[in-house]
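Fold and geometry: a report
Next come the chains, spelled out residue by residue.
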Amino acid sequence: MRSTATLLIIASSVSTPPPPFPKHTLTTTTTTNPKQSKPPSSSSHRPPLLTSVRCGENRQSYHRINYYAELASKLAEEGRFQDLFMIVETVTTGGGGSGLKAVEFAALLNADLVSKGILSVIESDGGVTSVIGVLAGFRKLGIGGAVEVLMSDRSVVEVIGRECRRMLKKCDGVEEVVDLMEMLSEFHLSIEDAVEPIEVIRNLVNKRNPYVAIRYASFCVRSDEIFCTTILEFGKKGDIASALAVFEASKRNLGCVNMYAYRTIIDVCGLCHDHLQSRSIYEGLSAQKINPNLYVFNSLMNVNSCDLSYTMQIYKHMQILGVAPDMASYNILLKSCCLAGRVDLAQEIYKEVEYLESRGSLKLDVFTYTTLVKVFADARMWQMALAMKEKMLEAGVTPNAVTWSSLISACAKAGLVDQAFVLFEEMVLANCMPNSQCCNVLLHACVKAFQYDRAFRLFQSWKRNSFQMAFGDNYIANRQSLSKGGTQIDMKVPFRPTTSTYNVLMKACGTDHIRAKALMDEMKRFGLCPNHISWSTLIGVYGGSGDVKSAVQILKTMRESGVQPDVVAYTAAIKVCVKQRELNLAFSLFREMKKYQIQPNMVTYNTLLRARTRYGSLKEVQQCLSIYQDMRKAGFKPNDYYLKELIEEWCEGIIQDNNHRSQGQLNSSSQRDLGGPHSLLLEKVASHLQKGNAETQSIAVDVRGLTKVEARIVVLAVLRMIKENYHPGELIRDDMFILLGIHEVGAAADKHQFDVKDTIIKLLRDNLCLEVLSLGPKMPTEIRINVENPFNPHSNLDKKTSPTRRPAVLQRLKVTKRSLYHWLQRNSNEQRRRQVSHTHN
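How each quantity is defined
- Residues numbered from 1 in each chain as written.
- Predicted model: local features only at pLDDT ≥ 70, side-chain atom pairs only at ≥ 80, totals over all residues.
- Heavy atoms only, no water.
- Core = buried A, V, L, I, M, F, W, Y, C linked by side-chain atoms within 4.5 Å.
- Buried < 20%, exposed > 50% of the residue type's maximum accessible area, 1.4 Å probe, protein only.
- Contact = heavy atoms within 4.5 Å.
- Helix = DSSP H or I, 4+ residues; strand = E, 2+ residues; numbered from the N terminus.
- Expected span 1.5 Å × (residues − 1).
- UniProt positions renumbered as here; feature names shortened; annotations may be inferred.
- Salt bridge = Lys/Arg side-chain N within 4 Å of Asp/Glu carboxyl O.
- pLDDT = per-residue confidence, 0-100.
- Polar contact = N/O pair within 3.5 Å; in protein donor to acceptor, adjacent residues only side chain to side chain.
- Axes fitted to C-alpha atoms, helices over the stretch in contact; angles between N-to-C directions.
- Parallel < 35°, antiparallel > 145°, perpendicular 65-115°, else oblique.
- Left-handed = near helix turned anticlockwise from the far one by under 90°.
- Nonpolar A, V, L, I, M, F, W, Y, C, P; charged D, E, K, R; others polar.

**Brief notes about the nonpolar core**
Judged by nonpolar contacts, the single largest core of 234 residues is most densely connected at Val703, Met736 and Ile738. Discounting chain neighbours no more than four positions away, the residues touching Met736 are Ile699, Val701, Val715, Val718, Leu719, Ile722, Leu813, Lys814, Val815 and Leu820.

**Details of helix H20 (residues 366-378)**
Its 13 residues give H20 an end-to-end C-alpha distance of 18 Å, which sits within 8% of 18 Å, the value for a rise of 1.5 Å per residue. Here H20 has its buried residues at Thr368, Tyr369, Thr370, Thr371, Leu372, Val373, Val375, Phe376 and Ala377. Tucked inside the fold, the buried residues of H20 contact helix H18 (327-340), helix H19 (343-358), helix H21 (382-394) and helix H22 (401-413). With its phi angle positive at about 60°, Arg380 sits one or two positions after the end of H20.

**Quick word on unusual backbone geometry**
Within the chain, Arg380 stands out as a residue other than glycine whose phi angle is a positive 60°. Mapped onto the elements of the fold, Arg380 is located in the loop between H20 and H21. On the accessibility criterion, Arg380 (49% relative accessible area) is partly exposed. Backbone geometry at Phe450 places phi at a positive 65°, although glycine is not the residue there. Inspection of the secondary structure puts Phe450 in the loop between helix H24 (436-448) and helix H25 (452-463).

**Quick word on the UniProt feature "repeat: PPR" (unreviewed entry) in the chain**
As annotated in UniProt, the feature "repeat: PPR" (unreviewed entry) corresponds to residues 326-360, 365-399, 400-434, 435-469, 531-565, 566-600 and 601-638 in the numbering used here. With 74% helix and 0% strand, residues 365-399 has its two end C-alpha atoms placed 10 Å apart. Secondary structure within residues 566-600 divides into 74% helix and 0% strand; the distance between the first and last C-alpha atoms comes to 9 Å.

**A closer look at the pattern of salt bridges**
Pairing is possible between side chains of opposite charge, provided their charged atoms come close. Under the defined criterion, the tally for this structure stands at 19 salt bridges. Note that Arg279 is salt-bridged to Asp307, the shortest N-O span being 3.0 Å. One end of the pair, Arg279, is in helix H15 (residues 275-287); the other, Asp307, is in the loop between helix H16 (294-303) and helix H17 (308-320), and 28 residues separate them in sequence. For Asp307, a relative accessible area of 24% gives the class partly exposed. Close ionic contact of Asp735 with Lys814 constitutes a salt bridge, the shortest N to O distance being 3.9 Å. Taken together, the residues Asp735 in the loop between helix H38 (708-725) and strand S4 (736-744) and Lys814 in strand S6 (residues 808-815) connect sequence positions 79 residues apart. Judged by its relative accessible area of 19%, Lys814 falls in the buried class. Connected through shared salt-bridge partners, Arg202, Glu233 and Lys236 make up one network.

**Looking at the confidence of the model for the chain**
In the predicted model, the chain carries a mean pLDDT of 75, and the fraction of residues at 70 or more is 73%. In the model of the chain, helix H1 (residues 4-10) stands out as the element of lowest mean pLDDT, 36, in contrast to H16, which has the highest, 94. Below pLDDT 50 for its whole length, residues 468-488 participates in 41 contacts with residues either more than four positions away or in separate chains.

**Quick notes on the side chain of Thr571**
Following the sequence through the fold, Thr571 ends up in helix H31 (residues 567-579). In this structure Thr571 comes out as buried when scored by relative accessible area, which is 5%. Polar contacts involving the side chain of Thr571 include one to the side chain of Thr604, which spans 2.6 Å. Once residues within four sequence positions are removed from consideration, Thr571 is found in contact with Asn601, Val603 and Thr604.

**Looking at the environment of Arg610**
Turning to its location among the elements, Arg610 is positioned in the loop between helix H33 (602-609) and helix H34 (618-633). For Arg610 and Leu643, which are 33 residues apart along the polypeptide, the C-alpha to C-alpha distance reads 7.8 Å.

**Details of the packing of H24 against H25**
For the pair H24 and H25, interaxial distance at closest approach is 7 Å and the crossing angle is 160°. Relative to H25, the element H24 lies roughly antiparallel. The hand of the H24/H25 crossing is left-handed. Of the residues in H25, those touching H24 at Ser436, Cys439, Asn440, Leu442, Leu443, Cys446 and Val447 are Tyr452, Arg454, Ala455, Leu458, Phe459 and Trp462. Grouping the amino acids of the contact of H24 with H25 by side-chain chemistry returns 10 nonpolar, 2 polar and 1 charged.

See below:
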């Protein structure tokens with residue numbers, strides 16, 4: 001129980017002292033302040049908050065309660081709601097001994113004064129936070145009815161809505177707004193009319209806060225709509241995780257299957273490019289034995305239109321369930337055929353739709369015809385595309401900008417520049433406003449046909465926001481190209497050139513880097529941001545002019561401008577370096593790519609692997625083999641033949657140096673079989689050459705599994721590595737061993753293994769004059785080769801050896817270190833003699 005002192009101190013704001021409470025509660029007195037305003041008159045123009053109230057039995061008790069109600073109303077007007085709550089609590093918990101309930105006392109409060117107090121709290125520094133505190137106080141005392149009456153005042157609702165909108169503009173105010181609206185919902189009140197739900201949702205989406213969004217949607221009146229809108233807004237931001245969280249919450253909150261929510265989340269999967277997730281959602285629906293409606297099926301097919309087989313599967317399942325497809329279903333199927341390049345299937349679907357139209361079941365729309373036009377355009381079937389346009393016009397369907405763009409693109413891809421311009425003119429005569437895509441297609445057609453001047457003339461007209469075209473009588477009658485004279489049409493266009501426009505024009509600059517750079521600067525002045533294609537094109541233009549330094553410098557300029565170079569930009573720079581024979585710089589750029597964790601593509605690898613027409617040093621070979629291995633590890637399948645030829649030529653150079661053979665004799669050896677496109681040759685060469693300097697390691701050459709030609713190349717590659725790492729005067733520390741394969745004692749000789757051995761011996765003895773010994777020590781009898789899996793040598797270790805098994809022998813050749821040393825000495829002396837002879841000459 002609160003003391004009467006609290007009440008008397010609060011009452012000091014009025015001039016008239018309150019009537020005394022019973023003596024057992026009166027402990028302290030206080031003087032009044034005459035400067036304070038007088039209590040409000042009981043004849044207020046607005047009635048109390050509630051109409052019915054049970055007063056005390058005697059007149060004195062009624063007068064005392066009414067007085068404190070007026071006092072509480074005055075305190076509320078001044079925004080002192082905590083004091084109001086203390087009065088309510090004191091009066092209703094025994095202050096007067098009348099047994100008055102809180103709701104009865106609240107009914108005596110002056111609604112006008114309390115409303116003014118609420119407004120003053122809203123407009124104070126605390127704003128929404130303070131209002132939440134006030135409402136919490138009303139709720140704690142159980143006088144929510146007073147709040148419902150206050151909120152019936154439209155001015156209060158408008159002020160709260162205005163303050164909420166102000167808070168939403170702040171980066172961290174949305175949660176407070178949700179707290180306020182949630183508290184109002186507890187009083188069965190809503191301000192959704194004053195604050196649009198979409199404003200709250202978008203603020204929550206921008207903050208990536210799905211949990212507050214779920215809480216907000218749960219207490220809204222139109223909960224199902226709010227949930228679906230929230231799911232979609234998260235999807236537009238690419239936040240599929242939050243969208244899924246809201247979707248799962250909607251299923252729990254709504255308590256029923258909402259097909260619109262399922263359709264929305266599937267559409268979001270499409271926005272986030274996660275078609276597999278959409279399939280998972282559909283499978284979850286099927287697991288509940290719930291059949292989706294037509295709109296869910298359409299959304300599912302649309303999201304998965306990139307996979308024609310799955311789209312057709314869903315279409316057939318839809319028919320099995322008795323869900324009749326509509327025009328949108330067929331349009332999605334046509335779209336899927338277009339993406340898959342299936343012209344035949346698209347024509348079949350079109351025939352089916354035509355049949356349904358003849359029966360009156362469906363009506364072909366502009367999207368159907370436009371999709372078919374695009375199918376033919378992508379397949380370079382421009383005649384079929386134009387024929388579809390005629391059918392479209394006969395059916396009374398007006399082509400739109402997308403239709404005309406596809407038609408223009410069909411002719412442009414076929415190299416029919418004049419026909420593309422004729423279609424553009426038809427588009428204008430049909431009162432269809434062209435868009436930037438149409439103009440870009442025309443520009444690209446001109447550039448592809450090397451009609452650079454025509455492209456720039458079109459661009460200059462575009463920049464003036466008008467296309468001046470002369471339409472003659474011959475054109476109108478025969479739909480031929482523009483004739484001289486005739487009607488002049490000056491068409492204003494509302495759209496401006498885009499970044500793609502400038503990218504196309506930069507390609508038209510050829511090797512004129514000054515003009516290309518001017519276009520780049522003009523693009524920036526127009527407020528457009530150059531993209532990766534812009535910078536890559538500029539690199540190519542500089543490279544075409546032979547300015548390698550400036551081309552490579554652009555990569556640094558890109559970073560400084562805030563655009564990180566991508567694989568296309570680096571590949572363009574590498575191409576420039578290779579074309580200008582700056583190979584070291586090209587490989588340096590490749591290493592820089594790897595440093596910045598930019599994954600090379602097929603073009604990058606092929607450009608580097610074909611950069612050299614021959615190899616001059618071990619370092620160059622190691623460099624290219626390293627790129628080759630990196631390419632294979634990245635999942636690309638290169639054509640090995642070109643690289644094998646260069647490796648063989650480099651290896652055979654040892655014999656050329658040893659026997660002084662001509663280049664013509666050498667090339668004849670490159671015509672021999674080098675194995676399949678994915679043979680072990682390059683991997684074997686790479687593994688041996690990457691072992692490093694021969695003087696610090698034992699020399700072992702493994703030619704198992706290779707043909708005799710491939711084995712020869714691997715042996716020559718190792719010998720060339722030894723030769724290039726050798727320094728005159730140094731000794732060879734180890735013999736060189738060549739591993740041929742495993743042979744069982746007493747078994748028939750393997751002809752292939754014998755041919756490989758004979759080829760290598762002839763190479764080393766006859767061509768290089770090296771000493772070669774044939775070795776074949778027995779392997780331990782405990783170890784046997786696993787015939788089923790030869791790559792698992794441990795499979796038979798724990799098994800008892802069969803007595804009928806023959807002992808295995810590892811066939812090897814040994815090239816003595818002494819003969820290797822003499823061979824290196826001979827080559828060194830021969831090289832010095834050549835240098836002396838060349839100096840004298």
